[in-house]
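# Coordinates in review
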Amino acid sequence: MELFWRPSKYSRTHHHFSKTLYGKTHVEKCLIPLPCHFSYRQCYLLFIVIMFGLQVNTLGQTAKTAIIRGTIYDSASQKPLEAATISVFMMADSSLVSYTMTGKKGEYTIRQVPIGKRCVLVVSYSGLKSFRESFELSSDRTETIRPPVYLSKDIAMLEEVIVSRLRPPVLVKRDTLEYNVGAVKTSTNAVVEDVLRRLPGVEVDQDGNITVNGKKVVKVTVNGQDFFGSDVRLATKNLPKDIVDRIQVTDHKTREERFTNSRASGNQKALNLVLRGGTNKGTFGRINGSAGTSDKFEAAGNVNFFDKNTQFSLLGSINNTASQALSSPGVSLTSVQSSRGIPRNGLAGVNLSQTINPALRFNVSYSFNSNERRENTEIWRQNVFPDTAYNYTASVSTKGKTDGHRLNFSTDIKADSLTELNISGSVTGNVVDGWTQNNALTTSLDAKPIITSQNEQKSSGNSLEYEFQIFAGRKLSAKGRSVTFSMGMSATERTSNESNVGWLASAATGNPIQRRELDQIGRTSAYSRQLNQMTTWNEPISARLGLKLTYALNLFESTNDRKTYKFDSTSGLHTVLDSSYSNALEVVNMISSPGLIMNYSLGKSSISAGMTIQRQRQKVTTGPKATYRDDAATNIFPSASFMFQLGRTGSVNIAYNGGSQQPSSEQLQPVADISNPLYIRLGNATLKPSFTHNVSLSAQMNKGTTFWSGMLSGTTSSNLIVEETWYDSVQYSRPINTNGNHALIGNFSYSRSWKIEDATLQLSLSTSPYWARTVSLSNRERNVATTFSGSQRIGINYSAASVFSLQSTFSFTSSVTRTGHRGLATMKQKNNLTGFTLSGQLNWPKRWALDAFLSAIQNPSLGHGLQKNVIIINASLNYTFSKDERWFARVLAMDILGQNTSVRRAITATMTEESRSNVLGQLLLLGITWNIKKF
């Protein structure tokens, strides 16, 4: 049963009737589905038919083809080579025909090899000499068995200087997967992100976040050096494709893991962009200027200088078009403008990486961000408690501005081949100004008023954060013996001033109106500092057995001083201290954690088992009377992992680990937050740390043209920090600790690509199931909520050389939340979201490029007159008007149908909320771009 209130004036197809539940009268909805203007499944099935029709047409137009098979061996060991890359190129123009990777027995099969045309077979394997041989298939046979190929040791590593025209599209180098950018066909002015979207096993979402085989990319380097700290999008959205030679994908490792050459303990990826040899010295970049309707404008650019020892980049942008400040010049077509409000963004940044000598190099970067936003939001919310339910509607207007500065630095020192030192840090400062006006009404389910409120809040503040890290490692005389030391220190200072003026009035039928005025000024001063230290000793016991001793020390101290002043009518100033909303809080945590880990290698598999003893002490000082809480506890966290290698390109991992999470100073602060007087938030000085146990199973496999990965993780938590809610004229909430909380998370993905001469077809599938059981309190009653959600995605990409390409995705996300109170009935809430995107590119005739993007979104769960079906079409027309392809003009149209809207639906154990915000809307821009290329 769904208990969400929908006024009948908004829904002609919803019939309502009352029903008694928990002793109260509620409204139950009988939903008659609204007619859809389009069917996503039908659209996508039609698109699949079109894609395969293109593929069949391509095959039909292709010359007669055959299959070649063969086997690759190591000449020294005479053993078959797994994961060697086999590529076939056309002799005439060096275009790639097809490629594959060898299996466990060194065997390979390549299909669609043209008959009667001179081709080149290239065999590549990291560390061995590449094999190249020309051939031509005769027309009297459809399948050819080629002689075995034996690869010999390449002492000079000559494979690094293979002619780029004959380089394989994918190459496996130990734990690195390397993509040849030259084998990817894109438009003339493509950036690195455009290449990533076309790589098998790689997904890029609309915000520029990257995943490889289901693992998130958290770091991007250029020629092995940092590029604007850890910001992934600055590199992928700004660096042009034609200056990048290779993209290397590795597991993201800590500095200690890289130094000791041990396996990555996390589940994340890192990218390294290797620049082309000819561009290791030169200047490149792009400058763009655009203007359009409704006084909209953009100005953006980047200039980069690279030589053998220096990388220097300068970035800048300013716009009021909802374009992300970190994006490449020009609004992205794949942005559906779903961000709320009307924005104005600005960015300026500079990055310098310098190699002084082989033993010393440093990186420094500075960036400035300025973001403004004006937003109007309507909110419809229903709260359900064990003994009552009510509706909340609000109209919220906000204006805000944030100016931020960030300085990063890093220095790598290698005193000798056995010693490594890194010193890095950052300084971040922000200045914030905001204004919010909230008009709200609480009603019963039969639409009778209960409480109304209006308040205006102004805020200003600033923050300053320092971070400093040092890492030192030394490899000792024995093979595998090493010691590492790392230490991180950070400090944060934050001050804020808030004024809250308004009123709160009871409007319940039959009761006299009770009005309470609000006129307060709050001042908050917060400070925190933290020290993290880790020492490790790696000791080889035998060739297979290794021992790792660790010691970690974490010190954390924070203060949160909040003072609230009421208005003094005598002085006309806010000078009366309100003790109900004022408090000083100090938190001190010290955690000491010695540990031991043993690693055992079994050839293709390895086992790791260990234990960490955590001694924790927490001291909390709160309240004007200096009430103390001083707790100490000792916990034991075992850890274990098992890794089995599936050939050279696949693996299976099973792992267990445990950890704790400390409550924040804001959660511990017991003073009420009354910025919204109908939803008052409290802190809880008695909060305890939460403890989590996690078991995970993951597997992955890479076959060159086929990628698949899967992950299943189970988590159980004790003392989990959740929100307790209760209703007493207005709603209150505060964080509490509960037990009995569990979660199960999965992610499974599959990708395969087919290469047929100049045509490429790529299929990707993914699903992400999620289940969670959360225990909380509602109106003092125990509340158990179970949530199940799943997100399914199908993607099909098709490209014909660099002339035509199509990329499409079909996604469906569904979530169901069941909430049950002790001894009472179960409430069920649903949320379904279906999406379909299609983007295409046509580079014809010469110098012209047409780009189009379609996004169709359907959410039948929405009510309150919100638009359930939205189709957004964006398009741009580009014309290159210089022979050197350095100048081009662009006409851009966003939201051509005028249907864009920003609506959201959220479900929790006690609440269902829908909201609608203003967005930028239709937009037409005319711009000119200048590409800087000087090599």
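Residues numbered from 1 in each chain as written. Predicted model: local features only at pLDDT ≥ 70, side-chain atom pairs only at ≥ 80, totals over all residues. Heavy atoms only, no water.

### As for the overall build of the protein chain
Counting its secondary structure elements, the protein chain contains 5 helices and 50 strands. For the protein chain, buried positions account for 48% of its 935 residues. Considering only contacts in the protein chain between residues 6 or more positions apart, those separated by 24 or more positions represent 65%. (Helix = DSSP H or I, 4+ residues; strand = E, 2+ residues; numbered from the N terminus. Buried < 20%, exposed > 50% of the residue type's maximum accessible area, 1.4 Å probe, protein only. Contact = heavy atoms within 4.5 Å.)

### Observations concerning the nonpolar core
Y179, L196, I247 and L273 are the most contacted members of the largest nonpolar core, which has 43 residues in total. Contacts of L196, omitting those with residues within four sequence positions, involve V202, V204, I210, T236, I247 and L271. (Core = buried A, V, L, I, M, F, W, Y, C linked by side-chain atoms within 4.5 Å.)

### With respect to the pairing of strand β27 (residues 482-506)
In terms of strand pairing, strand β26 (residues 449-475) meets β27 through 25 bridges, oriented antiparallel. Looking across to β27, one finds that L464 is bridged to E493. By the bridge criterion, 24 bridges tie β27 to strand β28 (residues 515-540) in an arrangement that is antiparallel. When the bridges of β28 are listed, V501 appears paired with D519. (Pairing = 2+ DSSP bridges.)

### Notes on the sheet that holds strand β4 (residues 85-90)
Backbone hydrogen bonds hold the strands of a sheet together, and the pairing may be parallel or antiparallel. Judged by pairing direction, the sheet is antiparallel, and its 4 strands sit side by side in the order β5-β4-β7-β8 without closing on themselves. Every other strand in the sheet has two partners, leaving β5 (96-101) and β8 (131-135) as the edge strands with one partner each. Here the strands of the sheet are splayed against their neighbours by 15° on average, with no regard to which way each runs. As paired elements, strand β7 (residues 119-124) and β8 share 5 bridges and run antiparallel to each other. Paired with V122 across the bridge in β8 is R132. (Axes fitted to C-alpha atoms, helices over the stretch in contact; angles between N-to-C directions.)

### Describing a nonpolar patch on the surface
On the surface, Y600, L602, I607, F642, F644, I654, L697, L712, L744, F748, W771 and F788 cluster together into a nonpolar patch covering about 1000 Å² of accessible area. Those elements that place two or more of their residues in the nonpolar patch are β33 (627-646) and β40 (741-756). Considering the arrangement of structural elements, one finds F788 in strand β42 (residues 781-800). (Patch = residues over 30% accessible without salt bridge, like charges linked within 9 Å, V, L, I, M, F, W, Y side chains within 5 Å. Areas by Shrake-Rupley, 256 points an atom, 1.4 Å probe, with all protein chains shown as cover. Salt bridge = Lys/Arg side-chain N within 4 Å of Asp/Glu carboxyl O.)

### Topic: the pattern of salt bridges
Side chains that differ in sign of charge can pair as their charged atoms come close. Counting across every chain of the model gives 26 salt bridges. One salt bridge connects E724 with R780, and the closest N-O pair in it is separated by 2.8 Å. You can see E724 sitting in strand β38 (residues 720-728) and its partner R780 sitting in the loop between β41 (759-778) and β42, a full 56 residues away along the chain. Judged by relative accessible area, which is 2%, E724 ranks as buried. Overlapping salt bridges bring together E178, D245 and R246 as one network.

### With respect to the environment of D631
Here D631 shows up in strand β33. Apart from residues no more than four positions distant in its own chain, D631 is found in contact with Q616, R617 and Q618.

### A look at the confidence of the model for the protein chain
For the protein chain, the mean per-residue pLDDT works out to 83, and 87% of the residues sit at or above 70. Here strand β1 (residues 14-21) stands out as the least confident element of the protein chain, with mean pLDDT 32; strand β25 (residues 419-443) is the most confident, with 95. Here residues 1-38 is modelled with pLDDT under 50, and outside its nearest four sequence neighbours on either side it reaches 88 contacts, counting other chains as well. In this model, residues 157-163 is a region of pLDDT below 50 whose contacts with residues beyond four sequence positions or in other chains number 11 contacts. (pLDDT = per-residue confidence, 0-100.)

### Brief notes about the packing of aromatic side chains
Aromatic ring pairs are described here by two measures, namely the spacing of the ring centres and the angle between the planes. The final tally for this structure, using the stated rule, is 11 aromatic pairs. With 5.4 Å between their ring centres and 15° between their planes, F284 and F306 make a pair best called stacked. Of this pair, F284 sits in strand β19 (residues 282-292) while F306 is found in strand β20 (residues 297-306), placing the two residues 22 residues apart along the sequence. Residue F284 shares its accessibility class with F306, and that shared class is buried. Between the NZ or CZ atom of R381 and the centre of the ring of Y679, over which it lies, the distance is 4.3 Å. (Phe/Tyr/Trp six-rings, centres within 6.5 Å; stacked < 30°, edge-to-face > 60°. Lys NZ or Arg CZ within 6 Å of the ring centre and 35° of its normal.)

### Regarding unusual backbone geometry
Here W844 and P845 are connected by a cis peptide whose omega angle stands at -5°. Tracing the chain through its elements places P845 in the loop between β44 (826-842) and β45 (848-858). Not every positive phi belongs to a glycine, and R847 is a case in point at roughly 80°. Following the sequence through the fold, R847 ends up in the loop between β44 and β45. Despite not being glycine, E885 shows a phi value in the positive range, around 60°. By the secondary structure assignment, E885 is in the loop between β46 (869-880) and β47 (887-894). Classification of E885 as partly exposed rests on a relative accessible area of 36%.

### A word on the side chain of T929
One can find T929 in strand β50 (residues 923-934). Within the structure, T929 has its side chain in polar contact with the side chain of N288 (distance 3.0 Å). Those residues in contact with T929 that sit more than four places away from it in its chain are R286, I287, N288, R886, W887 and F888. (Polar contact = N/O pair within 3.5 Å; in protein donor to acceptor, adjacent residues only side chain to side chain.)

### What to know about the side chain of N180
Of note, N180 is situated in strand β12 (residues 176-180). There is a polar contact of 3.1 Å between the side chain of N180 and the backbone nitrogen of G182.

### Considerations on the pairing of strand β21 (residues 310-319)
Inspection of the sheet shows β20 paired to β21 by 9 bridges, in the antiparallel sense. Directly across from G301, in β21, lies its bridge partner G316. Where β20 hands over to β21, the hairpin turn is made up of 3 residues, counted between the paired strands.

### As for the environment of S459
Tracing the backbone through its elements, the reader meets S459 in strand β26. What makes S459 partly exposed here is its relative accessible area of 28%. Dropping the residues within four chain positions of it, S459 is found in contact with V432, D433, G434, N497 and E498.

### Comments concerning the environment of R523
Mapped onto the fold, R523 is located in strand β28. Distance from R523 to S460, taken between C-alpha atoms, is 9.8 Å for residues 63 residues apart in sequence. Beyond its immediate sequence surroundings of up to four residues, R523 is in contact with S496, N497, D561, R562, K563 and Y565. Side chain to side chain, R523 and N497 meet in a polar contact 3.5 Å long.

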